[in-house]
Amino acid sequence: MQSTQTRTPPRTPYVASRLPQVGTTIFTVMSALAQQHDAVNLGQGFPDFDCDPALLDAVDAAMRSGLNQYPPMTGVPALRDAVAAKVGALYGHAYDPGTEITITAGATQAIITAILAIVHPGDEVIVLDPCYDSYEPNIHLAGGVAVHVPLTPGSFAPDFAKIAAAITPRTRALIINTPHNPSATVWSAAHMRRLAELLRPTDVLLIADEVYEHMVFDGEQHQSVSRWPELAQRSFVVSSFGKTYHVTGWKIGYVAAPASLMAEFRKVHQFNVFTVNTPMQHGLAKFMADPAHHLSLPAFYQRKRDLFRAGLAKTRLRLLPSQGSYFQCVDYSAVSDLSEEAFCRWITAEVGVAAIPLSAFYQGGFEQRFARFCFAKKDETLNLALGRLARL
C-alpha cells in the first residue's frame, strides 16, 4: 500500500557568504556581451596569438621524458634557478633559489597566498585605486581590512601624502602594481625612493604585483622592487610566466621574497595548491635559458601599442599615456555622456568592440569617462577593431 505521508523535500543548509559583495565580474559580463554581439573583444587582458612553438616543444619533451609526477612543493629547482638568474641580471638582486623563490599557480594565487601568510584578523592592508579586482576579496578572506587610497586622478601617480596618512599601527601591508593595470602607467625611480623613505620607519610589508614587468616602453626601465634593497627586504615580488610568454591559461607564476617571509609564504602555499604543473615548469626552465624571449617583449608590445594608438588618434577618443603593460586607456567624454559601464556596453553592442570601464577597478566606482582596451592581439584583430572604432 502506498504511503500517504508527505515528505519534506531535501534542504540545502544555509551558508553565510564569506564574500557577500562579490558577484559576476565585469570581465565575464563584457566577454559574454562581446560574444553575443560578435564584437572584437579588447576587454579581457589576454593574447589572441600563440606562444613561441619552442616553448610548446620544451613542455612536450618534458612530458614525453616522464616528468609528469609531483615536483617539489617550492617548484622545480631548474626553474627557480632560472628565475633567480633573470632577476639578478635585470635588477641586480641575488635571491637564493632554494629559500627565496617559489613557483606558484599563477600570480593571482601568489597574491592571495602572500596575503594569507601575513594578514591576521583586523590587520589593515592599503590598496591603491584603481586596482586589480582580486586584492580586496583576498584581504577579506584573511580577515583583514582593505584601506583604499586613490592614485592621483588623471595621471594615476602615487599620492604619497595620502598613503602616509593611511598608515596606522594596524597597517600590515601595502600592495603596489607596476606596470599598472588598468591605467598602463609605471612607477619611476623617484617613486620607489619616496616609497622607501615612507616605509623606512615602519614594519609595513610590501606586495609588489609586477606581472607586466617585461612590458615597459619608450626605452624606460621597469623599476622592480627588487632593484631597491631597502624595499626588497620587506617585499613579496610577484610575476607571471603566463603574461610574459603569452600562455595565460597555463596559470604559472612566481614569488621572490626574503627567506623569513618566504618561509611563511610556503606554509600557506603547500596547503592551498601544494605544487604546480611539472612538465610546464621544466619547459619554462629550458625556454628561459635564452633571455631574448623576455628581453624582446618591450619592442614586441610597443609596436602593437603604436599601431593601436595611431588608429585611435583618428577617432574622438582621447588617448591617455600607455607607458607599460598591454593596455590602452581612453577618455571618451567627447563621444558620450554615458556612465563608464553603460558606454562600454554601448560600444560593444553598437560599435562591435568590447572595452572595460575603469570604474570597475575602484571601490564603489569612480566615474571619469575612461575605458580600457587590451592591445595584446594579432595585428588583424587590432585593425578590425580600429576599423569599427573609426566611426567614433
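Residues numbered from 1 in each chain as written. Predicted model: local features only at pLDDT ≥ 70, side-chain atom pairs only at ≥ 80, totals over all residues. Heavy atoms only, no water.

1. A short note on the sheet that holds strand 9 (residues 318-319)
Strand order across the open sheet formed by four strands is 9-10-13-12, with antiparallel pairing between neighbours. Looking at the sheet topology across the chains shown, the edges are occupied by strand 9 and strand 12 (356-357). Strands in contact with helix 13 (residues 297-312) are strand 9, strand 10 (327-331) and strand 13 (370-374); relative to strand 10, the strand with the most contacts, it is inclined by about 15 degrees. (Pairing = 2+ DSSP bridges. Helix = DSSP H or I, 4+ residues; strand = E, 2+ residues; numbered from the N terminus. Contact = heavy atoms within 4.5 Å. Axes fitted to C-alpha atoms, helices over the stretch in contact; angles between N-to-C directions.)

2. Concerning the nonpolar core
Of all hydrophobic cores here, the largest spans 67 residues; its most connected members are Phe236, Tyr301, Leu317, Tyr326 and Phe373. For this core, the element with the most residues is helix 4 (residues 107-118), which contributes seven residues. Setting aside residues up to four positions removed in sequence, leucine 317 forms contacts with Leu312, Val330, Asp331, Tyr332, Val335, Phe343, Phe373 and Leu392. (Core = buried A, V, L, I, M, F, W, Y, C linked by side-chain atoms within 4.5 Å. Buried < 20%, exposed > 50% of the residue type's maximum accessible area, 1.4 Å probe, protein only.)

3. Examining the environment of glycine 324
Within the secondary structure, glycine 324 is located in the loop between strand 9 and strand 10. Note on glycine 324: relative accessible area 0%, which makes it buried. Residues glycine 324 and histidine 222, spaced 102 residues apart in sequence, show a C-alpha to C-alpha distance of 8.7 Å. Ignoring any residue separated from it by four or fewer positions in sequence, one finds glycine 324 in contact with Pro179, Ala184, Val186, Met215, Val216 and Phe217.

4. A short note on the side chain of histidine 222
Relative to the elements of secondary structure, histidine 222 occurs in the loop between strand 6 (205-209) and helix 8 (229-232). With a relative accessible area of 6%, histidine 222 lands in the buried category. The contacts of histidine 222, once residues within four sequence positions are left out, are Tyr91, Thr178, Pro179, Glu210, Glu213, Val216 and Arg227.

5. With respect to helix 4
Spanning 12 residues, helix 4 covers 17 Å between terminal C-alpha atoms, matching the ideal 16 Å at 1.5 Å per step. What helix 4 keeps buried is the set Ala107, Gln109, Ala110, Ile111, Ile112, Thr113, Ala114, Ile115, Ala117 and Ile118. (Expected span 1.5 Å × (residues − 1).)

6. Things to note about the pairing of strand 8 (residues 253-256)
Here strand 8 shows a buried face lined by Gly253 and Val255 and a second buried face lined by Tyr254 and Ala256. The pairing of strand 7 (residues 235-240) with strand 8 spans four bridges and is antiparallel. Paired with valine 237 across the bridge in strand 8 is alanine 256.

7. Some words on the pairing of strand 6
Counted residue by residue, strand 6 has five buried out of five residues, so it is predominantly covered. Sheet analysis places strand 5 (residues 171-177) next to strand 6, joined by five bridges and oriented parallel. The partner of leucine 174 across the bridge, within strand 6, is leucine 206. You can see the chain leave strand 5, run along helix 7 (residues 189-199) and come back into strand 6, and the turn it takes is right-handed. As judged from the four bridges shared by strand 6 and strand 7, these two strands associate in the parallel manner. (Right-handed = clockwise from strand over helix to strand, strands pointing away.)

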